[in-house]
Amino acid sequence: MQRGFLLGAVGGAVAVAAAAGLVTWLCAAKDLQHTTVDPIAQDLYVRVDGHLAVADTVLEARIQGWYHPLPWIGREIHDVSCPSHLKAVAGAAETCTARSGGERIPIPVRVIDVGGDPVKPRVTWKFYR
C-alpha cells in the first residue's frame with residue numbers, strides 16, 4: 001500500500017515539474033515577437049528612412065510584458081524606452097533600455113525576418129535578455 005502511494009507521489013511530482021518546465025519554455029520563447037506593420041492603422045504606422053517600421057511604443061510594450069514573464073525568467077524591469085522605431089528590414093537593430101534594481105540595463109533588439117505582403121509586412125523581431 002505504501003509503495004503505491006510513494007509511486008503516485010513521485011509520479012505527481014514529476015508531472016508537476018514537467019508542466020512547470022513546459023510553461024517556462026513557452027514563456028522564455030516570447031523574446032521572439034511578430035508584428036504586422038499596417039499602414040491603414042494610423043496610430044502604429046511609422047516610417048524610418050523611407051521604410052516601414054515597428055513603432056517604438058509597440059517595442060516598449062512587448063518588452064515590458066515579456067522580459068520577465070515568470071519569476072525565474074529574466075529580471076524584473078520597468079520604464080522601458082526605445083530610442084526610435086525599428087526599421088522593417090532584416091538585420092535592423094537598436095538598443096532599448098529599462099530600469100532594473102535602480103540601474104539602466106540595455107536590451108538589444110534585432111529584426112530577424114520581414115515577410116508577407118510588402119504593403120503590410122509581418123516583422124519578426126527579437127529582444128535579448
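Residues numbered from 1 in each chain as written. Predicted model: local features only at pLDDT ≥ 70, side-chain atom pairs only at ≥ 80, totals over all residues. Heavy atoms only, no water.

### Regarding the overall build of the protein chain
- Helix and strand counts for the protein chain come out as two helices and eight strands.
- If you list the helices and strands of the protein chain from N to C, you get α-β-β-β-α-β-β-β-β-β.
- In the protein chain, 48% of the contacts between residues at least 6 apart in sequence involve partners at least 24 apart.
- About 7,800 Å² of surface is accessible on the protein chain, with carbon and sulfur atoms providing 61% of the total. (Helix = DSSP H or I, 4+ residues; strand = E, 2+ residues; numbered from the N terminus. Contact = heavy atoms within 4.5 Å. Areas by Shrake-Rupley, 256 points an atom, 1.4 Å probe, with all protein chains shown as cover.)

### Some words on the packing of aromatic side chains
- Using the criterion set out here, one finds one aromatic pair in the structure.
- Against the face of Y67 rests R129, its NZ or CZ located 5.9 Å from the ring centre. (Phe/Tyr/Trp six-rings, centres within 6.5 Å; stacked < 30°, edge-to-face > 60°. Lys NZ or Arg CZ within 6 Å of the ring centre and 35° of its normal.)

### Topic: the confidence of the model for the protein chain
- Looking at the protein chain as a whole, the pLDDT averages 79, with 67% of positions reaching at least 70.
- Ranking the elements of the protein chain by mean pLDDT puts helix α1 (residues 2-28) last with 59 and strand β6 (residues 93-100) first with 95. (pLDDT = per-residue confidence, 0-100.)

### Describing the environment of S84
- The topology assignment puts S84 in the loop between β4 (78-81) and β5 (86-87).
- Here S84 falls in the partly exposed class, since its relative accessible area comes to 34%.
- The contact partners of S84, leaving out residues within four places of it in the chain, are D56, L59 and E94.
- Of note is the side chain of S84, whose polar atom sits 3.3 Å from the side chain of E94. (Buried < 20%, exposed > 50% of the residue type's maximum accessible area, 1.4 Å probe, protein only. Polar contact = N/O pair within 3.5 Å; in protein donor to acceptor, adjacent residues only side chain to side chain.)

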